Amino acid sequence: MIERLTALGFTTQESRVYIALLQQPFTTGYELAKATGLQRANVYQVLAALTDRDVIARATADTPAKFVAHPPAEVLGRIKRQTAARADSLIADLAELTAPQEQVAFTLREREEITDRIVTLVGEARERVAACVWAEDLSWLAGPLRYASQSGCQVVVNVFGDTEEELFGEVYRHEPAARTVGGNLLTVAVDYSTALVASFDDPPGAVFTSHPALVRVVEKLIRDETYIAAIFDRLGPALEAEFGPHMVGLRSRLLPPDQAERLISIVGFGAGDATLLTEGERA
């Protein structure tokens, strides 16, 4: 907790004193020095600084003075609001100074780096978030998607597999991950202006872009997945009667050979059975 407080602008000594006061309210500077292991002179300097910033308060006018800590929700909530306001103002000011740049794509290699970028993208959404995601990845993405929906954004989510996570927005259900081919891919597009395509197979990798052409491609991919889910939900039996279980007869013709073989094995068809379902063979 000390490290996390220092990341928000507290010094190490301020963090130790604030935590100690949360644990032991109505404490004197002398008692805080003993509790924190800090020198008394340093403790009084810290108490003065925290009081000036309205992080703590003097509880009584008695001597020696006793102090209490303001609630974390109040203190950190104020820091959060102030930081957001400063960041928004700085973004606007710096944008005016930024020279036009060619829109490019950036490659990400580490899983944590990829998930952090996705969470940031969704958290910064102002208008719309569209995504295709495996159910297992909702353990870390459901919260940001929920926040975007509650903030007034249109949220469209294609989910592959079952999840117990509570989802908001327009949710479209797809087949379980075990019945998919092509690996664990996650696609997300935000505000029609940025997009990210990630593979979480080993080794993980992702491409993040604001190039208009690439963003439109990702948008179309996500829309097509949405169309497929909605159509299959309504017309699934007729489609499988025409193209076979899991539409293997159509899909196996268009997939790379290795993925086509995997799809056929998943649905329990032989290669000959899938071929018989093609339009040419039926004719």
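Scoring rules and cut-offs
- Residues numbered from 1 in each chain as written.
- Predicted model: local features only at pLDDT ≥ 70, side-chain atom pairs only at ≥ 80, totals over all residues.
- Heavy atoms only, no water.
- Helix = DSSP H or I, 4+ residues; strand = E, 2+ residues; numbered from the N terminus.
- Buried < 20%, exposed > 50% of the residue type's maximum accessible area, 1.4 Å probe, protein only.
- Core = buried A, V, L, I, M, F, W, Y, C linked by side-chain atoms within 4.5 Å.
- Contact = heavy atoms within 4.5 Å.
- Phe/Tyr/Trp six-rings, centres within 6.5 Å; stacked < 30°, edge-to-face > 60°.
- pLDDT = per-residue confidence, 0-100.
- Expected span 1.5 Å × (residues − 1).
- Arc of directions from axis to C-beta.
- Pairing = 2+ DSSP bridges.
- Axes fitted to C-alpha atoms, helices over the stretch in contact; angles between N-to-C directions.
- Salt bridge = Lys/Arg side-chain N within 4 Å of Asp/Glu carboxyl O.

Among the structural elements, Asn42 can be located in helix α4 (residues 40–52). For Asn42, a relative accessible area of 23% translates into the label partly exposed. The sequence separation of Asn42 and Trp134 amounts to 92 residues, and the corresponding C-alpha distance is 52 Å.

In terms of nonpolar packing, the biggest core is built from 28 residues, with Ile118, Val129, Val188 and Leu196 touching the most fellow members. Counting only elements with at least two residues in this core, the list comes to α6 (111–123), β5 (128–134), α7 (138–150), β6 (154–160), β8 (185–190), β9 (194–199) and β10 (205–209). Ranked by residues supplied to this core, first place goes to α7 with five residues. Residue contacts for Val188: discarding those within four places in its chain leaves Ile118, Val122, Val129, Ala130, Ala131, Thr194, Ala195, Leu196, Val218 and Ile222.

As a further point, take the packing of aromatic side chains. Each pair of aromatic rings is reported with the distance of its centres and the angle of its planes. Enumeration over the complete set of coordinates arrives at three aromatic pairs. With a centroid separation of 6.3 Å and an interplanar angle of 25 degrees, the aromatic rings of Phe106 and Phe208 are classed as stacked. Separated by 102 residues along the polypeptide, Phe106 in strand β4 (residues 105–108) and Phe208 in strand β10 bring together distant segments of the chain. Ring geometry for Trp140 against Phe200: centres 6.2 Å apart, planes inclined by 90 degrees, an arrangement best described as edge-to-face. Taken as a pair, Trp140 in helix α7 and Phe200 in the loop between β9 and β10 lie far apart in primary sequence, 60 residues in all.

Another aspect to go through is the confidence of the model for the chain. Mean pLDDT over the chain stands at 88; residues scoring 70 or higher make up 93%. Taken together, the stretch residues 270–283 has pLDDT below 50 and engages in 22 contacts with residues farther than four places along the chain or on a different chain.

Over its 13 residues, α6 extends 18 Å from the first C-alpha to the last, a length consistent with the 18 Å expected when each residue adds 1.5 Å. Here α6 has its buried residues at Ile114, Thr115, Ile118, Leu121 and Val122. Axial view of α6: buried residues confined to an arc of 125 degrees, hence all on one face. Lining the buried residues of α6 we find β4, β5, α7, β8, β9 and β10.

The next thing to look at is the sheet that holds strand β2 (residues 56–58). Taken together, three strands build an open sheet; the order of strands is β1-β3-β2 and the sheet is antiparallel. Looking along the sheet, the strands with just one partner apiece sit at the ends: β1 (27–28) and β2. Judged from the two bridges that link them, β1 and strand β3 (residues 66–69) form a sheet pairing that is antiparallel. In the strand pairing of β3, Thr28 is matched with Lys66.

Moving on, we get to the sheet that holds β9. Read across the sheet, seven strands follow the order β4-β10-β9-β8-β5-β6-β7 without closing on themselves; strand pairing throughout is mixed. Each having just a single partner strand, β4 and β7 (170–174) make up the two edges of the open sheet. Neighbour-to-neighbour, the strand axes of this sheet turn through a mean angle of 10 degrees, independent of strand direction. Of the strand pairs in this sheet, β5 and β6 are connected by seven bridges, and their pairing is parallel. Bridge pairing in β6 links Ala131 to Val157. On the sheet, α6 packs against β4, β5, β8, β9 and β10 and is oriented at approximately 150 degrees with respect to β9.

In total, this model carries five salt bridges according to the counting rule given. The salt bridge involving Glu219 is made with Arg223; its shortest N-O contact spans 4.0 Å. Remark: Arg223 and Glu219 occur in helix α8 (residues 212–243); sequence separation between them is four residues, near one turn of the helix. Using a relative accessible area of 3% as the deciding quantity, one classes Glu219 as buried. Residue classification places Arg223 among the partly exposed residues on the basis of a relative accessible area of 34%.

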